[in-house]
Amino acid sequence: MFGDDRTDKDRQLDDARVDYQDTALTTDQGARVDDTDNSLRPGERGPTLMEDFHFREKLTHFDHERIPERVVHARGSAAHGYFEPYGDGLAAFTRARFLTTPGLRTPVFVRFSTVAGSRGSADTVRDVRGFAVKFYTAQGNFDLVGNNIPVFFIQDGIKFPDFVHAVKPEPHNEVPQASSAHDTLWDFVQLQPETTHMMMWLMSDRALPRSYRMMQGFGVHTFRLVDAEGRGTFVKFHWKPKLGIHSLVWDETQKIAGKDPDFNRKDLWEAIETGNFPEWELGVQLVAEEDEHSFDFDLLDATKIIPEELVPVQPVGRLVLNRNPDNFFAETEQVAFHIGNVVPGIDFTNDPLLQARLFSYLDTQLIRLGGPNFSQIPINRPLAEVRNHHRDGYHQMIIPRGRASYHPNSTGGGCPAVGGADAYTHFQERVDGHKIRRRSTSFADHYSQATLFWNSMSSWEKAHIVAAFRFELGRVVDPRIREGVVRNLRNVDHELASLVAAGLGAAPPAEAAVPNHGRSSPALSQDHAPVRSVATRKIAILVADGVDADQVKTAQTALTSMGALCDVLGPRGGAVRGSDDTPVPVTHALTTMASVLYDAVLVPGGQEAARALSMDGEAVHYVAEAFKHCKAIGVLGEAALLLETARIGPGPHPGVVVGTGDDVKGFTESFGAAVAAHRHHGRAVESVPA
Ligand code: HDD
């Protein structure tokens, strides 16, 4: 199962792995079982006997299988991998060796998640995605518990329960599941304008990632790196996906939620199983302590970014995910992240959101994992040696020897000893002030960066944001809440507020007191420095009896060699008959899949097949829907008929590649380029209502 790239964590997990092949069924006490299909009873029709210990143990264990799901981020999937720094560039700033030792591979476990939905909810809902990384470093575990959006809804963690109650299904009827489109969330939003910047991101396509492999990650807060002399440097952490940042479109996400609710989960799993290991680059923005107050926002305010144009993101290492978990519950469900898990050289700031998190994560694990010994669960166990005076508690897995369970002691020779060169020492920040409950005035501007985000969007991104606000607020029943949100949006941009109001049938809002500042940050747009790649893109090749078998083969081979994953979809499973009477193997019957599950659609020629497909509503729908969702479409020879039946006008249309069938290789290159561009939003922008 393992190659040479096993990490130390893989080796450590070996102790916990259990294989069942060629074994006999036993009770939990190890006694062999003779029958697990019939309970013990007096006579064939008698009642079950109390003494049936196997029956009772089996049922009791089953009754206790569930643990509480995470109060947020309940729906997730995870993978193993490693992190490797490029060089020793950060050695001047931090003692954390996993960041500064070139070529050192630190094992990681990474869990991606949605926030609002429960454990069984669909993957593709509009939501923030969690991006939590546990680094098993030699200096202890470091958890970077981030999201795919660089800011947060609130500034002070004391508001977290309020925000989460507002976004979760409403308390009286537990509706809607995994959706922010309801009154309580938007009521909170209109009354708490610090949410505005984050809501702009949430209404953008960042909240609809095509794949976990194609989204950014952010540590969100400003943290601190600390060097050997105790000097600090502010730091923001960024993950940049190697495959670029790509999103689904809203209509598509809703359909996928029904057709394949495990869409993102399966995508991650399959990519790893097929050796297409997901990869991200870790980048840092560094700010010297003395520059703390040199921005027009507060570095401690988690509703703000540091625009990349002000402080560039420096690449420092790469993260690779190369192994799926063996068991979902044991690993993905039981992994316990905690923002307070830090190693020497990484420290906190006084960001009030971060400070609240320092309490909440440990607290939540105690209830979720049932006691204080959860760090002994294999997936949570550090690689660094653990020795302390913590004793007992539920599910104690180690057998501490000796009498010394206190410090100072002489009975254990003073051990475990404190201090040493690698001991964690806190950054010595000077703090003084009055005890008050008050937000700093430096946290008061809730709109400038929301405007910056809006100004930085391309026209299709703006169109999608407007459509998202219209959808979400269109689902809000109370008109006062809708009006409150539109009033707030005026402070972001008057045109945005007016477009949203128009979609809701509301009166255009008055101008805001402060007009749009006109500044932008190009790096915020998904159109900025796009990564174009066919790698792992899923292509549906539609076939029917009479299809040009050569064209199928040539196109499939060429696209596969570019890294695409092609499925041949036919009217039935098995195979169809090619125009030269050779069989063309079919991956899936058309009806078991859907256009929304693919990045692109290709229809090879062959007169009989083209006619059959254009008479088949399902096949026509594949093409029409792919067109609507701005995906690449390729048709060869006679298959052009399908464009007509799908009512796709004469064109040319961006991303629609039509080939005669004489030069399939040349056609495939153009089609490959159209797939690599991900989406051709130019097609849709004109059709968005003004
Ligand atoms: Fe949180 C889980 C990310 C603010 C309290 N959070 C959780 C997870 C992620 C984040 C990715 C799932 C970890 C996993 O996969 O198991 N949370 C964030 C980010 C935040 C943030 C990026 C803002 C910058 N969180 C936040 C606040 C609080 C919490 C302000 C409370 C004061 N978060 C929790 C929690 C969770 C959690 C209740 C639920 C399950 C868990 O911790 O293990 O403690």
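Reading the values: the criteria
- Residues numbered from 1 in each chain as written.
- Predicted model: local features only at pLDDT ≥ 70, side-chain atom pairs only at ≥ 80, totals over all residues.
- Heavy atoms only, no water.
- Domains from an automatic or database assignment.
- Contact = heavy atoms within 4.5 Å.
- Salt bridge = Lys/Arg side-chain N within 4 Å of Asp/Glu carboxyl O.
- Pairing = 2+ DSSP bridges.
- Helix = DSSP H or I, 4+ residues; strand = E, 2+ residues; numbered from the N terminus.
- Axes fitted to C-alpha atoms, helices over the stretch in contact; angles between N-to-C directions.
- Phe/Tyr/Trp six-rings, centres within 6.5 Å; stacked < 30°, edge-to-face > 60°.
- Buried < 20%, exposed > 50% of the residue type's maximum accessible area, 1.4 Å probe, protein only.
- Lys NZ or Arg CZ within 6 Å of the ring centre and 35° of its normal.
- Expected span 1.5 Å × (residues − 1).
- Polar contact = N/O pair within 3.5 Å; in protein donor to acceptor, adjacent residues only side chain to side chain.
- pLDDT = per-residue confidence, 0-100.
- Parallel < 35°, antiparallel > 145°, perpendicular 65-115°, else oblique.
- Left-handed = near helix turned anticlockwise from the far one by under 90°.
- Nonpolar A, V, L, I, M, F, W, Y, C, P; charged D, E, K, R; others polar.
- UniProt positions renumbered as here; feature names shortened; annotations may be inferred.
- Donors = N, O, S within 2.8 Å, 3.2 Å for Na, K, Ca; no water.
- Near = heavy atom within 4 Å.

Draft legend 1. Up close: the domain arrangement of the chain. Structurally, the chain comprises domain 1 (41–376), domain 2 (447–524) and domain 3 (538–683). The C-alpha-based centres of domain 1 and domain 2 are spaced at 28 Å. In this complex, domain 1 contributes 30 residues to the contact, which on the side of domain 2 involves 31 residues. Salt-bridge contacts for arginine 126 lead to glutamate 472; the nearest nitrogen and oxygen are separated by 4.0 Å.

Draft legend 2. Broad picture of the sheet that holds strand E16 (residues 600–603). Ordered in space as E15-E12-E11-E16-E17-E18, the 6 strands form an open sheet in which the pairing is parallel. The open sheet has two free edges, formed respectively by strand E15 (588–589) and strand E18 (656–659), since each of these has just one partner strand. Both strand E11 (residues 538–542) and strand E12 (residues 565–570) contribute to a ladder of 5 bridges, which runs parallel. Across the sheet, residue isoleucine 539 finds its bridge partner in E12, namely cysteine 566. On the sheet, helix H19 (residues 664–676) packs against E11, E16, strand E17 (632–636) and E18 and is oriented at approximately 165 degrees with respect to E17.

Draft legend 3. Molecular detail of the packing of aromatic side chains. Counted according to the given criterion, the structure contains 24 aromatic pairs. A centroid spacing of 5.0 Å and a plane angle of 80 degrees characterise the contact between phenylalanine 112 and phenylalanine 131, whose relative ring orientation is edge-to-face. Note that phenylalanine 112 is positioned in strand E2 (residues 106–114) and phenylalanine 131 in strand E3 (residues 129–137), a separation of 19 residues in sequence. Accessibility expressed as a relative area gives 1% for phenylalanine 131, which makes it buried. An aromatic cluster of at least three residues, connected via ring pairs, comprises Phe83, Phe98, Phe112, Phe131, Phe135, Phe142, Tyr212, Phe223, Phe237, Trp239 and Trp280. The lysine or arginine in question, arginine 126, covers the ring of tryptophan 250, its NZ or CZ lying 5.0 Å from the ring centre. Over the ring of phenylalanine 337 we find lysine 134, and its NZ or CZ is 5.3 Å from the ring centre.

Draft legend 4. Geometry of the pattern of salt bridges. What the rule picks out here adds up to 38 salt bridges. Between glutamate 308 and lysine 240 there is a salt bridge, and its shortest N-O distance comes to 3.4 Å. Here lysine 240 lies in strand E7 (residues 232–241) and glutamate 308 lies in the loop between strand E8 (279–288) and strand E9 (314–323), a separation of 68 residues in the sequence. Taking the relative accessible area as the measure of exposure, glutamate 308 reaches 24% and is therefore partly exposed. Linking glutamate 625 and lysine 255 is a salt bridge whose minimum nitrogen-to-oxygen distance equals 2.9 Å. A residue pair is termed long-range when its members are at least 10 positions apart, and glutamate 625 in helix H17 (residues 617–628) and lysine 255 in helix H7 (residues 250–259) qualify at 370 residues. Salt bridges linked by common partners bring Arg6, Asp10, Asp14, Arg17, Arg323 and Asp326 together as one network.

Draft legend 5. Seen up close, helix H15 (residues 549–561). With 13 residues, H15 should cover 18 Å at 1.5 Å per step; its first-to-last C-alpha distance of 18 Å lies within 8% of that length. Within H15, the full set of buried residues consists of Ala549, Gln551, Val552, Ala555, Ala558 and Leu559. Buried positions along H15 lie against E11, E12, strand E14 (583–586), E16, E17 and H19. Capping the start of H15, aspartate 548 holds a side-chain oxygen 3.1 Å from the backbone nitrogen of aspartate 550, two or three residues further along. One or two positions beyond H15, positive phi appears at glycine 563, with a value near 105 degrees.

Draft legend 6. A look at the pairing of E2. With 9 of 9 residues buried, E2 lies mostly within the body of the structure. Of the two faces of E2, both are covered, the one formed by Thr106, Val108, Val110, Phe112 and Thr114 as well as the one formed by Pro107, Phe109, Arg111 and Ser113. Both strand E1 (residues 76–85) and E2 contribute to a ladder of 8 bridges, which runs antiparallel. Paired with phenylalanine 83 across the bridge in E2 is threonine 106.

Draft legend 7. Region of interest: the environment of phenylalanine 348. Take phenylalanine 348: it is sitting in the loop between strand E10 (346–347) and helix H10 (352–368). Separated by 124 residues in the primary sequence, phenylalanine 348 and arginine 224 have C-alpha atoms spaced 5.6 Å apart. With near-sequence residues (within four places) excluded, phenylalanine 348 lies in contact with Arg224, Ile339, Gly340, Val342, Leu354 and Leu358.

Draft legend 8. Highlighting the confidence of the model for the chain. Summarising the model, the chain shows a mean pLDDT of 96, and 98% of its residues fall at 70 or more. Here residues 685–690 scores under 50 on pLDDT; set against residues more than four positions off or in separate chains, the count is 6 contacts.

Draft legend 9. Quick look at the packing of helix H12 (residues 459–474) against helix H14 (residues 494–504). Where H12 contacts H14, the axes come no closer than 9 Å and their chain directions differ by 45 degrees. Classed by the angle they form, the pair H12 and H14 counts as oblique. As for how H12 packs across H14, the hand of that crossing is right-handed. Across the interface between the two elements, Ile465, Val466, Phe469, Arg470, Leu473 and Gly474 of H12 pack against Leu496, Leu499, Val500, Ala502, Gly503 and Leu504 of H14. For the contact of H12 with H14, the residue count by class is 9 nonpolar, 2 polar and 1 charged.

Draft legend 10. Layout of the UniProt feature "binding site: heme" (unreviewed entry) in the chain. When the UniProt feature table is mapped to this numbering, "binding site: heme" (unreviewed entry) covers Arg70, Arg111, Phe160, Arg357, Tyr361 and Arg368. Counting through the fold element by element, phenylalanine 160 comes out in helix H4 (residues 160–167). Leaving out residues up to four positions away in the same chain, phenylalanine 160 has contacts with Val72, Phe152 and Ile154. Residue placement: arginine 357 occurs in helix H10. Residues contacting arginine 357, with those up to four places away along its chain left out, are Val145, His221, His338 and Ile339. From its side chain, arginine 357 meets the backbone oxygen of valine 145 in a polar contact 2.8 Å long.

Draft legend 11. The coordination of the iron atom of the ligand, seen in detail. There is one protein donor for the iron atom of the ligand, namely Tyr361 (OH), at 1.9 Å. Among the structural elements, tyrosine 361 can be located in helix H10.

Draft legend 12. Spatial organisation of the site of the ligand. Around the ligand, 24 residues are found, and the nearest of them are Arg70, Arg111, Arg357, Tyr361 and Gln365. Measuring from a nitrogen atom of the ligand, one finds a side-chain N or O atom of histidine 73 at 3.4 Å. The contact in question runs from an oxygen atom of the ligand to an N or O atom on the side chain of arginine 111, over 2.7 Å. If you list the elements that add at least two residues to the shell around the ligand, you get E3, strand E4 (140–147) and H10. Take the shell around the ligand: its biggest share by element is 7 residues, from H10. Classifying every residue of the shell around the ligand gives 12 nonpolar, 9 polar and 3 charged.

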